[in-house]
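In case you want the letters, here they are:
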Amino acid sequence: MKFYFALLMDATDLRLLAQLQLDASLTNQALAERVHISPATCLRRVKRLIDAGIIESRVAILSPEKLGAGLTAIVELTLDQQAAERLSAFETRAVADSAVQQCYRVSSGPDFVLILQVADMPAYQAAASRLFATDANVRNVRAFFSVHRAKFSPHISLPAAEQ
């Protein structure tokens, strides 16, 4: 149903989504003005996009460095046993850990790729101990540490609006 809804979006819905990706803190009035629709129509359409699951959440993107979480680790992880329940068990632990910002099950290589955001190397080591060392099913861990973030964006390219 949600995929079907995406096919029914019109140019106004796409303009709303584009504006919200730029600044989700806009008031309904400001958003309506930018998209050239009435505030009532804007509110109704945004609610419909939320109800359909197209807008998952509205968040503020914080500066990790300014908040003392300046170390980003990209971690590839392979489990010893890949049975569905073992994969789910690890995933549940990973997503519950506050250091894990993103968790992906991947194919053709490691089982998981995690993005961890922590204060420093001791904080990474503590997270690694919680997540990897205590799980007997973790076979291999490769961690890469970011030395420079050239881009970070949760922006999703939207289809061109049909006129």
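Conventions adopted
Residues numbered from 1 in each chain as written. Predicted model: local features only at pLDDT ≥ 70, side-chain atom pairs only at ≥ 80, totals over all residues. Heavy atoms only, no water. Helix = DSSP H or I, 4+ residues; strand = E, 2+ residues; numbered from the N terminus. Rg over C-alpha atoms; globule rule 2.2 N^0.38 Å. Contact = heavy atoms within 4.5 Å. Areas by Shrake-Rupley, 256 points an atom, 1.4 Å probe, with all protein chains shown as cover. Lys, Arg positive; Asp, Glu negative; His and termini not counted. Charge placed at Lys NZ, Arg CZ, Asp CG, Glu CD. Salt bridge = Lys/Arg side-chain N within 4 Å of Asp/Glu carboxyl O. Buried < 20%, exposed > 50% of the residue type's maximum accessible area, 1.4 Å probe, protein only. Polar contact = N/O pair within 3.5 Å; in protein donor to acceptor, adjacent residues only side chain to side chain. Axes fitted to C-alpha atoms, helices over the stretch in contact; angles between N-to-C directions. Parallel < 35°, antiparallel > 145°, perpendicular 65-115°, else oblique. Nonpolar A, V, L, I, M, F, W, Y, C, P; charged D, E, K, R; others polar. Expected span 1.5 Å × (residues − 1).

Caption draft 1: Focus on the overall build of the protein chain. Summing up its helical and strand segments, the protein chain has 6 helices and 4 strands in all. When the helices and strands of the protein chain are placed in sequence order, the string is α-α-α-α-β-α-β-β-α-β. Against the 2.2 N^0.38 benchmark of 15 Å for 163 residues, the protein chain shows a C-alpha radius of gyration of 20 Å, more extended than a compact globule. Reported as C-alpha extents along the three principal axes, the dimensions of the protein chain are approximately 55 × 40 × 25 Å. Partitioning the intrachain contacts of the protein chain with sequence separation of at least 6 by distance along the chain shows that 64% fall at a separation of at least 24. A total accessible area of about 10700 Å² is found for the protein chain, and carbon and sulfur atoms account for 56% of it. A distance of 4 Å separates the average location of the 17 positive side-chain charges in the protein chain from that of its 16 negative side-chain charges.

Caption draft 2: Summary view of the pattern of salt bridges. Summed over all chains, the structure comprises 9 salt bridges. The partner of Asp51 in a salt bridge is Lys47, with the nearest N and O atoms 2.7 Å apart. Residue Asp51 and its partner Lys47 are both found in helix α4 (residues 39–51); the two are separated by 4 residues, about one turn of the helix. The residues Asp51 and Lys47 share a single accessibility class, namely exposed.

Caption draft 3: A look at the side chain of Thr72. Inspection of the secondary structure puts Thr72 in strand β1 (residues 71–79). A relative accessible area of 18% means that Thr72 is categorised as buried. At 2.8 Å, the side chain of Thr72 and the side chain of Gln117 are in polar contact.

Caption draft 4: Broad picture of the packing of helix α3 (residues 28–35) against α4. Between α3 and α4, the least distance of the axes is 8 Å, while the angle of their chain directions is 100°. By the angle class used here, α3 and α4 are roughly perpendicular. Facing Asn28, Gln29, Leu31 and Ala32 of α3, the residues of α4 in contact are Pro39, Cys42, Leu43 and Val46. Here the contact of α3 with α4 is composed, by residue class, of 6 nonpolar, 2 polar and no charged.

Caption draft 5: Structural view of helix α5 (residues 84–96). With 13 residues, α5 extends 18 Å from end C-alpha to end C-alpha; this agrees with the ideal 18 Å at 1.5 Å per step. Among the structural elements, β1, β2 (100–105), β3 (112–118), α6 (121–133) and β4 (138–145) are those in contact with the buried residues of α5.

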